Each structure stands twice: as structure tokens, then as C-alpha cells.
Amino acid sequence: MLGTRRLVAAAAEGGVAHLIYVSIVGVDRVPYAYYRHKLAAEQVVAAGGVP
């Protein structure tokens, strides 16, 4: 998730107009570790301030 935070920060600093992060439908309902990390990364992107 640290990499996702760095990506969002770099996008914001670089003036990127949009940041696209591919999601998985239902990722919040599957108890796999990968999906928990993916959901956390999605939340970082959503809170990052770049549309």
C-alpha cells in the first residue's frame, strides 16, 4: 500500500488530471488477504484528492 500512497502523491504533485485504479466488484466481501490489500489501496486512491 505504500506504493499506492507514493503513486497518489506523485500524481497530485505532477498535476495529473485523473488517476485510474482498476477495481474488482465485490472486493469488500471476499476474505482473501490480496483483496483486503486491494480494497485498502482503493481507499487510498479515493482519499488521495486526484479525481
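This section reports on the structure supplied with the text. What you see is a predicted model, and the numbers here were worked out from it, not measured in a lab.

Describing the packing of helix α1 (residues 2-13) against helix α2 (residues 33-47)
Think of two packed helices as two axes; the pair is described by the angle between the axes and how far apart they sit.
Consideration 1: Remark: α1 packs on α2, axes separated minimally by 9 Å, with the N-to-C direction vectors making an angle of 20°. Here α2 runs roughly parallel to α1, going by the angle between their axes. The two elements α1 and α2 meet at a crossing, and its hand is right-handed. Residue-level contacts link T4, R5 and V8 of α1 to A41, V44 and V45 of α2.
Consideration 2: By residue class, the composition of the contact of α1 with α2 is four nonpolar, one polar and one charged.

Focus on the pattern of salt bridges
Consideration 1: The tally for this structure, following the rule as stated, stands at one salt bridge.
Consideration 2: The residue R29 makes a salt bridge to D28 at a minimum N-O spacing of 3.8 Å.
Consideration 3: The exposure class assigned to R29 is exposed, which follows from its relative accessible area of 66%.

Describing the packing of aromatic side chains
Centre distance and the angle of the planes are the two values used to describe a pair of aromatic rings.
Consideration 1: Under the defined criterion, the tally for this structure stands at two aromatic pairs.
Consideration 2: Plain terms: the ring middles of Y32 and Y35 are 5.8 Å apart, the flat faces sit at 55° to each other, and that makes the pair tilted.
Consideration 3: By relative accessible area, Y32 is classed as exposed at 54%.
Consideration 4: Judged by its relative accessible area of 22%, Y35 is partly exposed.
Consideration 5: A centroid spacing of 5.7 Å and a plane angle of 55° characterise the contact between Y34 and Y35, whose relative ring orientation is tilted.
Consideration 6: We classify Y34 as exposed; its relative accessible area is 54%.
Consideration 7: Here a set of aromatic residues connected by ring pairs shows up, and it is made of Y32, Y34 and Y35.

Conventions adopted
- Residues numbered from 1 in each chain as written.
- Predicted model: local features only at pLDDT ≥ 70, side-chain atom pairs only at ≥ 80, totals over all residues.
- Heavy atoms only, no water.
- Axes fitted to C-alpha atoms, helices over the stretch in contact; angles between N-to-C directions.
- Helix = DSSP H or I, 4+ residues; strand = E, 2+ residues; numbered from the N terminus.
- Parallel < 35°, antiparallel > 145°, perpendicular 65-115°, else oblique.
- Left-handed = near helix turned anticlockwise from the far one by under 90°.
- Contact = heavy atoms within 4.5 Å.
- Nonpolar A, V, L, I, M, F, W, Y, C, P; charged D, E, K, R; others polar.
- Salt bridge = Lys/Arg side-chain N within 4 Å of Asp/Glu carboxyl O.
- Buried < 20%, exposed > 50% of the residue type's maximum accessible area, 1.4 Å probe, protein only.
- Phe/Tyr/Trp six-rings, centres within 6.5 Å; stacked < 30°, edge-to-face > 60°.

Any functional reading would require information that these geometric values do not contain.
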